[in-house]
Amino acid sequence: MLHYEMISHTTEETLKLAERLAIFLRPGDVLTLQGDLGAGKTTFTKGLGTGLGVKRTINSPTFTIVKEYNGELPLYHMDVYRLEESDEDIGFDEYFAGDGITVVEWPQFIETFLPDNRLDIYLSRISDQERKIDFHPKGASFERICEELLG
């Protein structure tokens, strides 16, 4: 399986990387973000939002599960941590096949609902500022995006 890796040395670098990624995304694209608490999942989503023209402040949807933001394309930000040990479908297909970009934090808790074609992103904390970011594209369109962005 193809994967791409980079080291982000600052929060600003992480934001800029995600902002550049947003340029390549199309309606219905799904990204998953995995990493421990403090790894930078919400920071990455903030950068995506900036790239999509979102004006509102993006923060973690921990207590609401899904937050929707308007930009050039809608951004659906999911934190499905609270769905661990649940098989509840909150209408995932409507988001995944919708007119926006969906970002899923803690995707392992809804694996059976995730589309096959997606971009899985793993964030690991190296130090207070540095993060290792691994991109695992699933599908030809995401392979092309990763090659353009990181190749």
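Everything below is about the structure shown above.
Residues numbered from 1 in each chain as written. Predicted model: local features only at pLDDT ≥ 70, side-chain atom pairs only at ≥ 80, totals over all residues. Heavy atoms only, no water.

**Student:** Which parts of the structure should I look at to understand the pattern of salt bridges?
**Tutor:** Side-chain pairing between opposite charges can occur once the charged atoms of the two side chains come close. The full count for this structure, using the stated rule, is eight salt bridges. Close ionic contact of Glu19 with Lys16 constitutes a salt bridge, the shortest N to O distance being 3.7 Å. With Glu19 and Lys16 both in helix α1 (residues 11-22), this residue pair falls three residues apart, about one helical turn. Via salt bridges that share partners, Glu111, Arg118, Asp120 and Lys138 belong to a single interconnected network. (Salt bridge = Lys/Arg side-chain N within 4 Å of Asp/Glu carboxyl O. Helix = DSSP H or I, 4+ residues; strand = E, 2+ residues; numbered from the N terminus.)

**Student:** Please clarify how the packing of aromatic side chains should be interpreted in this entry.
**Tutor:** Aromatic rings in a pair are described by how distant their centres are and how their planes are angled relative to each other. Scanning the entire structure with this criterion turns up one aromatic pair. On the basis of an interplanar angle of 55° and a centroid distance of 6.3 Å, the ring pair of Phe44 and Phe135 is categorised as tilted. With Phe44 in helix α2 (residues 41-51) and Phe135 in strand β7 (residues 131-138), this pair connects stretches of sequence that are 91 residues apart. The class for Phe44 is buried, based on a relative accessible area of 0%. For Phe135, a relative accessible area of 0% gives the class buried. (Phe/Tyr/Trp six-rings, centres within 6.5 Å; stacked < 30°, edge-to-face > 60°. Buried < 20%, exposed > 50% of the residue type's maximum accessible area, 1.4 Å probe, protein only.)

**Student:** Can you help me understand the nonpolar core in this one?
**Tutor:** As a rule of thumb, soluble globular proteins bury nonpolar side chains together. Leu21, Phe44, Leu48, Ile121 and Phe135 are the most contacted members of the largest nonpolar core, which has 29 residues in total. Of all the secondary structure elements, the ones that give two or more residues to this core are β1 (4-8), α1, β2 (30-34), α2, β5 (101-105), β6 (118-125), β7 and α4 (140-150). Residue contacts for Leu21: discarding those within four places in its chain leaves Leu31, Phe44, Leu48, Leu119, Ile121, Phe135, Ile145 and Leu149. If you look at the next biggest cluster of nonpolar residues, it comprises 14 residues, including Val30, Ile65, Val80 and Leu114. (Core = buried A, V, L, I, M, F, W, Y, C linked by side-chain atoms within 4.5 Å. Contact = heavy atoms within 4.5 Å.)

**Student:** Quick question: what am I supposed to make of the sheet that holds β2 here?
**Tutor:** Pairing is mixed across the open sheet formed by seven strands, whose spatial order is β1-β7-β6-β2-β5-β4-β3. In this open sheet, the two edge strands, each paired with only one partner strand, are β1 and β3 (66-69). Strand-to-strand twist in this sheet, taken as the mean axis angle between neighbours without regard to direction, amounts to 20°. Two elements, β2 and β5, share four bridges in a ladder whose sense is parallel. (Pairing = 2+ DSSP bridges. Axes fitted to C-alpha atoms, helices over the stretch in contact; angles between N-to-C directions.)

**Student:** Which parts of the structure should I look at to understand the side chain of His77?
**Tutor:** With respect to the secondary-structure elements, His77 resides in strand β4 (residues 75-79). One polar contact links His77 to Glu105, side chain to side chain, over a distance of 2.7 Å. (Polar contact = N/O pair within 3.5 Å; in protein donor to acceptor, adjacent residues only side chain to side chain.)

**Student:** Where do I start with the pairing of β3 in this structure?
**Tutor:** Along a regular strand, successive side chains alternate from one face of the sheet to the other. Bridge count between β3 and β4: four bridges; the pairing is antiparallel. Bridging from a neighbouring strand, Lys67 pairs with His77 of β4. Between β3 and β4, which pair antiparallel and follow one another directly, the connecting turn spans five residues.

All we've got here are geometric facts, nothing functional implied.
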